[in-house]
Amino acid sequence: MIPGGVDVHTHLEFPLGEAETCDTFESGTRSAAFGGTTTIVDFALQQRGETPKQALDRRLAVAQPKASVDYGFHLILTDVTPDALAELPDLINQEGISSFKMFMAYPGVLMVDDAGIFKAMRKAGAHGGMINVHAENGSVIQVLIEEALAQGNTSPKFHALTRPRIMEAEASHRAIRLAELAEVPVYLVHLSAKEALDTVVEARDRGIPAFAETCPHYLFLTIDEYDRPDFEPAKFVMTPPLREHDCQQALWRGLKFDDLQIVSTDHCPFCFNENPYGIHRSKQLGRDNFERIPNGAPGVEFRLSLLFDGGVGTGRISLNRFVQLTATAPAKMFGLFPRKGAIAVGSDADLVLFDPLKTHTLSASTHHSNADYTLYEGRRVTGKVEKVFLRGELIVDGDVWLGRAGNGQFQRRSASGRI
Ligand code: URP
Ligand code: ZN
Ligand code: ZN
């Protein structure tokens, strides 16, 4: 019996440029539950001209009737106006939104310049909040993308080739230094490159509250996936892209020695095929131009099985570390502990009965996401979620779904980054 998983990086019903993810709060939270995750922290996206509070209200209205596991939100700040900044203290201390994601990538869509990031960091830091950063140098990457397209290099592999590891490292270093000056804890999301991890280690060695997560796809897959035939590599187009084998080794080491504190999924699902959810929820948007392939991949359902099999099963991490990475540390980092992330008197009875000996095959034909593919099709793993309880109620019993849309509760989180 282990604590229900806490996945602090999902994108359900999420607009990304011209695309939108294919899992609703209903399908995505059901998929999470079958994978042993009983709490997610998703994102509320501030559109330009909107205040953060308006973005939160909009997002709550979408999630509340559909979510079947508990959920919270990080707020993505895209428009750092004085009015937006003025709302942060209340969001952190009244509304339970204690972390804010900022993008150093996706110019013209989500990217905020260093001045905006620094202002938000200072404000959040002064009121008990944390800043999550998507750390890639978006401006330089845009130059590389435009060069590649001008040379006729339109295939999915160029997504990876135009997002170099050292541009993730550069942005990671910049984010940490900005946070250091602003005196705010900083959390690097979806860290993939060894060189980016090096910057986190360097900062942590100096006592800076810098934290980072990685995701299963960076632990189990490599850049070689982009050599698959035809348009199939588009399935693996996520940001940052898959990296070389030496990064995998560094990430596993980081998990072992607590240079990385959390494994979350960055579940950002798009279908491979256009039907049944439409071109805007499909990788086919970018068939002729890798820049238009929606960035992201499904994964919320397989986090526990993959990490148990590839981590505990191989002896890379202990069983306790597995629980810490998937439940306890994310709950502590993001103000959900001890309600979540622990089996203890007074904690919510979010429980997973996990069979460490059962072998099964990961497949899109049996997963519960709306996505029509998985990154791990056919992979055999040992370790399977058998039963899942949410606040004491049995919601998954083997293959049987007992959960209910609307039964998930919004979690007002306390201060973040005080792990
Ligand atoms: O490819 C990804 N990761 N898509 C989701 C958006 C983000 O950057 O987290
Ligand atoms: Zn991101
Ligand atoms: Zn993401």
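Our subject is the structure that appears above.
Residues numbered from 1 in each chain as written. Chains lettered and ligands numbered in written order. Predicted model: local features only at pLDDT ≥ 70, side-chain atom pairs only at ≥ 80, totals over all residues. Heavy atoms only, no water.

Chemist: I keep staring at the nonpolar core and nothing clicks. Help me out?
Modeler: Note on soluble globular proteins: their nonpolar side chains tend to be buried together. Within the largest apolar cluster, 105 residues are counted, with the highest numbers of intra-cluster contacts made by F73, F100, M121 and L188. For this core, the leading source of residues is helix 7 (residues 165-182), giving 7 residues. In contact with M121, not counting residues within four places along its chain, are I131, V133, A175, L178, A179, A182, V184 and V186. Of all hydrophobic cores here, the second largest spans 13 residues; its members include A329, A331, F334 and L336. (Core = buried A, V, L, I, M, F, W, Y, C linked by side-chain atoms within 4.5 Å. Buried < 20%, exposed > 50% of the residue type's maximum accessible area, 1.4 Å probe, protein only. Helix = DSSP H or I, 4+ residues; strand = E, 2+ residues; numbered from the N terminus. Contact = heavy atoms within 4.5 Å.)

Chemist: Looking at this structure, how should I read the coordination of the zinc ion (ligand 2)?
Modeler: Tetrahedral coordination by four donors puts the ideal angle at the metal at 109.5 degrees, and octahedral coordination by six puts it at 90 or 180 degrees. Those donors, K101 (NZ), H134 (ND1) and H190 (NE2), are the protein atoms that reach the zinc ion (ligand 2), and they lie 2.1 to 2.5 Å from it. The sequence pattern describing where the donors of the zinc ion (ligand 2) fall on their chain is K-x32-H-x55-H. Between the zinc ion (ligand 2) and the zinc ion (ligand 3), the interatomic distance is 4.0 Å. Here H134 is found in strand 8 (residues 130-134), whereas its partner H190 is found in the loop between strand 9 (186-188) and helix 8 (194-205), with 56 residues between them in sequence. In this structure H190 comes out as buried when scored by relative accessible area, which is 3%. (Donors = N, O, S within 2.8 Å, 3.2 Å for Na, K, Ca; no water.)

Chemist: Help me understand the side chain of E168, please; the structure alone is not making it clear to me.
Modeler: Residue position: E168 is located in helix 7. Taking relative accessible area as the criterion, E168 reaches 2% and is therefore assigned buried. Within the local environment of E168, its side chain forms a polar contact with the side chain of S192, the two groups lying 2.5 Å apart. Not counting residues up to four positions away in its chain, the partners in contact with E168 are A135, E136, H190, L191, S192, A193, A196, P240 and R243. (Polar contact = N/O pair within 3.5 Å; in protein donor to acceptor, adjacent residues only side chain to side chain.)

Chemist: Even after reading the chapter, I still don't get the sheet that holds strand 15 (residues 400-401), so can you show me in this structure?
Modeler: Neighbouring strands of a sheet are bound in pairs by backbone hydrogen bonds; such pairs are parallel or else antiparallel. Taking strand neighbours across the sheet as the criterion, the 5 strands line up as 1-12-13-14-15 in an open arrangement whose pairing is antiparallel. Every interior strand has two partners, whereas the edge strands, strand 1 (2-3) and strand 15, have only one. Relative to strand 12 (residues 351-361), strand 1 is paired through 2 bridges, and the arrangement is antiparallel. What sits directly across from I2, in strand 12, is V352. (Pairing = 2+ DSSP bridges.)

Chemist: Which parts of the structure should I look at to understand the sheet that holds strand 5 (residues 37-45)?
Modeler: The strand order across the open sheet formed by 8 strands is 2-5-6-7-8-9-10-11, and the pairing between neighbours is parallel. The open sheet has two edge strands with one neighbour each: strand 2 (5-7) and strand 11 (262-263). In the sheet, strand 5 pairs with strand 6 (residues 70-76) via 7 bridges, with the strands oriented parallel. Each bridged residue has a counterpart across the sheet, and for V41 the counterpart in strand 6 is G72. Relative to strand 2, helix 11 (residues 303-312) is tilted by about 110°, and along the sheet it contacts strand 2, strand 5 and strand 11. Those strands touched by helix 12 (residues 319-333) are strand 2, strand 8, strand 9, strand 10 (210-214) and strand 11, and its axis lies near 55° from that of strand 2. (Axes fitted to C-alpha atoms, helices over the stretch in contact; angles between N-to-C directions.)

Chemist: Looking at this structure, how should I read empty space enclosed by the protein?
Modeler: Space left empty within the atom packing is revealed by a probe, the size of a water molecule, rolled over the atoms. The full count for this structure, using the stated rule, is 5 cavities of 30 Å³ or more. Estimates place the volume of the largest cavity at around 110 Å³. Lining the largest cavity are 15 residues, with H11, L16, Y106, D266 and N295 positioned closest to its centre. Residues of the lining of the largest cavity, tallied by class, amount to 6 nonpolar, 7 polar and 2 charged. (1 Å grid on protein atoms, 1.4 Å probe; cavity = no way out; pocket = protein on both sides within 12 Å on 5 of 7 lines; lining within 4 Å. Points joined across faces, edges and corners; volume = space filled by probe spheres on them. Nonpolar A, V, L, I, M, F, W, Y, C, P; charged D, E, K, R; others polar.)

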